[in-house]
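Take a look at the letters that make up each chain.
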Amino acid sequence: LESMACGIPNIGPNCSSFTELIGEDLKTRRGLLALVIDWQMIQDGSIRAIVSEEDLANQMETIYQSGDLRNTFSKNCIEYAKNYTWEKICKQWDQLLQKMI
């Protein structure tokens with residue numbers, strides 16, 4: 001979210017919250033999603049996604065090669081990040097905590 005606020009498009013794995021943060025809608029997307037090819041359990045018992053190195057490289061090349069795409073993603077990133085200002089998030093937390101009292 002911080003890099004998006006600076007207008008930097010993101011590339012992330014096609015799983016978890018990345019699909020929401022980067023977006024899948026062609027008009028409002030804020031970057032590209034790389035293909036997850038496997039899942040791996042690590043020592044503490046949590047599971048992590050294994051991203052296709054080839055697909056990740058392709059996504060990186062796509063953003064690098066296309067200035068128009070980068071510009072579109074950059075504008076979308078900045079607009080998306082505007083929804084998460086300190087003031088807005090504090091109000092949401094305050095409303096949530098008030099409901100819990």
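Coordinates for the structure precede this section.
Residues numbered from 1 in each chain as written. Predicted model: local features only at pLDDT ≥ 70, side-chain atom pairs only at ≥ 80, totals over all residues. Heavy atoms only, no water.

## Some remarks on the overall build of the chain
Part 1 of the reasoning: The number of helices and strands found in the chain is five helices and four strands.
Part 2 of the reasoning: From first element to last, N terminus to C terminus, the chain shows the α and β order α-β-α-β-β-β-α-α-α.
Part 3 of the reasoning: For 101 residues, the compact-globule estimate of 2.2 N^0.38 gives 13 Å, and the C-alpha radius of gyration of the chain, at 17 Å, exceeds that figure by more than 25%.
Part 4 of the reasoning: Dimensions of the chain along its principal axes, counting C-alpha atoms only, are 50 × 40 × 20 Å.
Part 5 of the reasoning: Taken across its 101 residues, the chain has 23% of its residues classed as buried.
Part 6 of the reasoning: Nonlocal contacts in the chain, meaning residues at least 24 apart in sequence, comprise 39% of its contacts between residues at least 6 apart.
Part 7 of the reasoning: Summed over its atoms, the accessible surface of the chain is roughly 7,700 Å², and 54% of this surface lies on carbon and sulfur atoms.
Part 8 of the reasoning: Charged side chains in the chain number 10 positive and 14 negative. The centres of these two groups are separated by 10 Å. (Helix = DSSP H or I, 4+ residues; strand = E, 2+ residues; numbered from the N terminus. Rg over C-alpha atoms; globule rule 2.2 N^0.38 Å. Buried < 20%, exposed > 50% of the residue type's maximum accessible area, 1.4 Å probe, protein only. Contact = heavy atoms within 4.5 Å. Areas by Shrake-Rupley, 256 points an atom, 1.4 Å probe, with all protein chains shown as cover. Lys, Arg positive; Asp, Glu negative; His and termini not counted. Charge placed at Lys NZ, Arg CZ, Asp CG, Glu CD.)

## Here's the deal with the pattern of salt bridges
Part 1 of the reasoning: Taken as a whole and judged by the stated rule, the model has one salt bridge.
Part 2 of the reasoning: With a shortest N-O distance of 2.9 Å, K82 and E79 are connected by a salt bridge.
Part 3 of the reasoning: Given the relative accessible area of 44%, K82 is considered partly exposed.
Part 4 of the reasoning: In this structure E79 comes out as partly exposed when scored by relative accessible area, which is 46%. (Salt bridge = Lys/Arg side-chain N within 4 Å of Asp/Glu carboxyl O.)

## Examining the nonpolar core
General note: in soluble globular proteins, nonpolar side chains tend to be found buried as a group.
Part 1 of the reasoning: Membership of the largest hydrophobic core is limited to five residues, which are M4, I22, L33, C77 and Y80.
Part 2 of the reasoning: Once residues lying within four places of it in the same chain are set aside, the contact partners of L33 are G12, P13, N14, F18, T19, I22, G23, E24, D55 and Q59. (Core = buried A, V, L, I, M, F, W, Y, C linked by side-chain atoms within 4.5 Å.)

## Here's the deal with the pairing of strand β4 (residues 47-51)
Part 1 of the reasoning: One ladder, built from five bridges, connects strand β3 (residues 36-41) with β4; its direction is antiparallel. Pairing of Q40 across the sheet is with R48, part of β4.
Part 2 of the reasoning: Hairpin geometry of β3 and β4 is characterised by an intervening segment of five residues between the two adjacent antiparallel strands and by a positive phi of about 95° at G45. (Pairing = 2+ DSSP bridges.)

## Some details on the environment of I47
Part 1 of the reasoning: Assignment of secondary structure puts I47 in strand β4.
Part 2 of the reasoning: For I47, a relative accessible area of 55% gives the class exposed.
Part 3 of the reasoning: C-alpha separation for the pair I47 and N58, spaced eleven residues apart in sequence, amounts to 25 Å.

## Examining unusual backbone geometry
Note on backbone geometry: most residues besides glycine have negative phi, and most peptide bonds are trans.
Part 1 of the reasoning: For S16, which is not a glycine, the phi torsion comes out positive at approximately 55°.
Part 2 of the reasoning: Assignment of secondary structure puts S16 in the loop between β1 (10-13) and α2 (18-22).

## Remarks on the packing of aromatic side chains
Part 1 of the reasoning: If you walk through the whole model with that rule in mind, you get one aromatic pair.
Part 2 of the reasoning: Measuring from ring centre to ring centre gives 5.3 Å for Y80 and Y84, while their planes differ by 50°; the resulting arrangement is tilted.
Part 3 of the reasoning: Using a relative accessible area of 12% as the deciding quantity, one classes Y80 as buried. (Phe/Tyr/Trp six-rings, centres within 6.5 Å; stacked < 30°, edge-to-face > 60°.)

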